[in-house]
Amino acid sequence: MQILIKDGRVVDPGNYDGIADIFIEDGKIVKIQSNDNPRQLPTSNEQPATRNKQQAYRTIDATGKIVTPGLIDMHVHLREPGHEYKETIETGCLAAAAGGFTAVCCMPNTNPVNDNSQVTKFIIEKARLADTVRVYPVAAISKGLQGTGLSEYGDLKDAGAVAISDDGCPVTDSQLMRRAMEYAKRFGLLIISHCEDLNLLAEGVMNEGALATRMGLSGIPNACESVMVMRDIALCELTGSPVHIAHVSTMESVRAIRDAKSRGVAVTAETAPHYFTLTEDAVGRYDTNAKMNPPLRSKDDREAIRKGLADGTIDVIATDHAPHSTIEKEVEFDRAANGIIGLETSVSLSLKLVEEGILKIEELVEKMSTNPARILRIENGLTVGNSADITIIDPDRSYIVDVESFRSISRNTPFNGLEVKGKAILTMVGGKIVFDEKNNNL
Ligand code: DOR
Ligand code: ZN
């Protein structure tokens, strides 16, 4: 199939920004034609001879739209194997495509845990059968996420794991984390760290402060996250192994990461849309759809996260898409599961940062595509010869978030009913259209 994406604003940070046509053949980008020059079709040495090339292309009119390299969500929970009633690899991939993502990294806290090559291969096979977006498994740092013994990183890497993490659980034992970093470095595997001090967590279920006191709920101090961020920065310096800090939520973490980066430490970081959009106030009515770990924080923390995004301290926006069923959410607040779904709201919520002048559109694309690809060493970018993984965004589309329209099996989002502006309208993976708003059945 030959596809022409015509007249869109192509935003590929560090590579291209301008109105252009993108020509796709056999799943690959064969030409990017700037519209500053007279329009022409690919030259004959770039593609097989076709009599009438103009007609051979299926044309997608992208006038007024933003065309970006495929968005990558480097932090999602697909729940398979083991918790298929919350999400399957297939439904998670459909949700990702509908959200504009061409690739996701799935965390290992499944049942069984992805701590061995069989589980990694199972996930890759299921993703192949789903045939939607690319799925990059993240395997466990420690066996069974128990924090006591390391998993076999060589086997996991050979099976297709792109990174390792005990996400959902911290690696409490600093010596084990040190060994994990040394071991991971040998295999070129990135460590993604879930930073949480379980002693400081204690019985906490929301942000520590006056609101938690009024609500009669136990609080989680900022230090619960930041002491572990600081420890991992120290271990990163000790071992020279790159470390990526997951779901940053506090100002102290942002400050520590900024300082480490200024010293040249190989640390990178992500935050999620809920941390730059909401504050602990969203929990105010005991809404379990606003309960996640780390918790929503104060206004000052939200401000620090926004500043961290703006100045490059935070490299990546990832969703931490964490599906849970009503069985786990429609219960007392302190007993409810942590986590919210995010794949189908991320682009809209993130575009608000552009509207508010916090990020330029090219910086947003960096954080949702270029940087995750660089950190994970995944091929990406709108370059001739690359696989045609492309997202088309309508920046002007206003709509009301309707959870009932989601592809995800789960419904746990605090954003239902919110009016937002900007939406992914077409997602293409390897030249195949996996989501097209005009054809909702895809
Ligand atoms: O809110 C969260 N949900 N935080 C985590 O660390 C784990 C995740 C999950 O797996 O549900
Ligand atoms: Zn997570």
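Residues numbered from 1 in each chain as written. Chains lettered and ligands numbered in written order. Predicted model: local features only at pLDDT ≥ 70, side-chain atom pairs only at ≥ 80, totals over all residues. Heavy atoms only, no water.

**A word on the sheet that holds strand β9 (residues 163-165)**
Overall, parallel pairing links the eight strands, which are arranged β6-β7-β8-β9-β10-β13-β14-β15 in an open sheet. Across the chains shown, the open sheet's two edge strands, defined by having one partner strand only, are β6 (71-76) and β15 (316-317). On top of the sheet, helix α5 (residues 174-186) reaches β9, β10 (190-193) and β13 (243-245); it is set at about 150° to β10, its chief contact. (Pairing = 2+ DSSP bridges. Helix = DSSP H or I, 4+ residues; strand = E, 2+ residues; numbered from the N terminus. Contact = heavy atoms within 4.5 Å. Axes fitted to C-alpha atoms, helices over the stretch in contact; angles between N-to-C directions.)

**Side note on the pattern of salt bridges**
Evaluated as defined, the whole model comprises 25 salt bridges. Residues Arg 258 and Asp 311 are paired through a salt bridge, measuring 2.8 Å at the closest nitrogen-oxygen approach. One end of the pair, Arg 258, is in helix α9 (residues 251-262); the other, Asp 311, is in the loop between α11 (299-310) and β15, with 53 residues separating them in the sequence. For Lys 352, the salt bridge is made with Glu 356, and the minimal N-O distance between the two is 3.6 Å. Residue Lys 352 is classed as partly exposed on the basis of its relative accessible area of 44%. In this structure Glu 356 comes out as partly exposed when scored by relative accessible area, which is 39%. One network of salt bridges, with partners in common, ties together Asp 394, Arg 397, Lys 423 and Glu 437. (Salt bridge = Lys/Arg side-chain N within 4 Å of Asp/Glu carboxyl O. Buried < 20%, exposed > 50% of the residue type's maximum accessible area, 1.4 Å probe, protein only.)

**Digging into the environment of Ser 34**
For Ser 34, the location among the structural elements is in strand β3 (residues 28-34). Residues Ser 34 and Arg 263 lie 229 residues apart in sequence; the distance between their C-alpha atoms is 40 Å. Residues contacting Ser 34, with those up to four places away along its chain left out, are Tyr 16, Ile 19 and Ala 20. Only 3.3 Å separates the side chain of Ser 34 from the side chain of Tyr 16, close enough to count as a polar contact. (Polar contact = N/O pair within 3.5 Å; in protein donor to acceptor, adjacent residues only side chain to side chain.)

**Considering the site of ligand 1**
What surrounds ligand 1 is the set His 77, Arg 79, Asn 109, Gly 168, His 194, Met 292, Asn 293, Ala 322, His 324, Asn 338 and Gly 339. Measuring from an oxygen atom of ligand 1, one finds a side-chain N or O atom of His 324 at 2.9 Å. Note that a nitrogen atom of ligand 1 is positioned 3.2 Å from one of the backbone N or O atoms of Asn 338. In isolation ligand 1 has 290 Å² of accessible area, and contact with the protein removes 93% of it. (Near = heavy atom within 4 Å. Areas by Shrake-Rupley, 256 points an atom, 1.4 Å probe, with all protein chains shown as cover.)

**A few points about the coordination of the zinc ion (ligand 2)**
In an ideal octahedron of six donors the angles at the metal are 90 or 180 degrees, and in an ideal tetrahedron of four donors they are 109.5 degrees. Around the zinc ion (ligand 2), the donor atoms from the protein are His 75 (NE2), His 77 (NE2), Asp 167 (OD) and Asp 320 (OD), and they sit 2.0 to 2.2 Å away. Because the angles between the four donor atoms bound to the zinc ion (ligand 2) fall within 85 to 170°, the donor set is best described as irregular. Of the residues examined, His 75 reaches a relative accessible area of 0% and is grouped as buried. Classification of His 77 by relative accessible area gives buried; the value is 4%. (Donors = N, O, S within 2.8 Å, 3.2 Å for Na, K, Ca; no water. Tetrahedral: all angles 85-135°; square planar, octahedral: opposite > 155°, others 65-115°.)

Keep in mind that these numbers describe shape and distance, not what the molecule does.
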